[in-house]
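A closer look at the structure
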Amino acid sequence: MSGPTLTHIDSAGEARMVDVGDKAETVRIAVAEGFVRMKPETLTLIREGIAKKGDVIATARLAGIMAAKQTSSLIPLCHPLMLTKVSVDITPDDALPGLRVEAMAKLTGRTGVEMEALTAVSVACLTIYDMAKAADREMEICGVRLVSKSGGRSGDYHRGGEMR
């Protein structure tokens, strides 16, 4: 079989942690996104800051940042990383209706930060759901995906080939 291979599987088909010791340290940045679709009235509760559990957006932002820092504890073969920056932006979107979540993770190191950005988005979305579920159990978490990544031997990636 030729073509791309799975880096976390050895020649015997066993899961393994990749040795990144010989890789060069470079600045690595990853951006991920996702969204939570909800009823318009739920979005209004969140936007006005009157959800029963408190400030949904601030809490979800903090949860996402905290989650990025814990990625290696959650995903078995991820390396523990010394992140230099994590940001989580949450934007109301009437067209969904719902909240758009974007996370960026950054470091200077030997391995990428895609999983940290994806974990930040996922946990921020889950936190939004948890904090607003009393008002809307039909919310949907959708579209969690990598948007872009830079740095490292494999080069840059931008979803759809667009520069972002």
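Refer to the structure above for everything that follows.
Residues numbered from 1 in each chain as written. Predicted model: local features only at pLDDT ≥ 70, side-chain atom pairs only at ≥ 80, totals over all residues. Heavy atoms only, no water.

All told, the structure shown has seven salt bridges when counted by the stated rule. Here K53 makes a salt bridge to D130, at a shortest N to O gap of 3.4 Å. With K53 in the loop between α1 (40-47) and α2 (56-69) and D130 in helix α4 (residues 114-132), this pair connects stretches of sequence that are 77 residues apart. What emerges from the salt-bridge pattern is a single network uniting K53, D130 and K133. (Salt bridge = Lys/Arg side-chain N within 4 Å of Asp/Glu carboxyl O. Helix = DSSP H or I, 4+ residues; strand = E, 2+ residues; numbered from the N terminus.)

For α4, which comprises 19 residues, the first-to-last C-alpha distance of 27 Å matches the rise-based estimate of 27 Å (1.5 Å per residue) to within 8%. Of the residues making up α4, those classed as buried are E116, A117, L118, T119, A120, V121, A124, C125, T127, I128, M131 and A132. (Expected span 1.5 Å × (residues − 1). Buried < 20%, exposed > 50% of the residue type's maximum accessible area, 1.4 Å probe, protein only.)

A few words on α1. At 3.6 residues per turn, the α-helix brings residues three or four places apart onto the same side. Every buried residue belonging to α1 is among T42, L43 and I46, and all of these are buried. For α1, the buried positions fall inside an angular range of 100° around the axis, keeping them on one side. With respect to the buried face of α1, the exposed residues turned more than 90 degrees away are P40 and E41. Contact partners of the buried residues in α1: α2, β2 (85-93), β3 (98-109) and α4. (Arc of directions from axis to C-beta. Contact = heavy atoms within 4.5 Å.)

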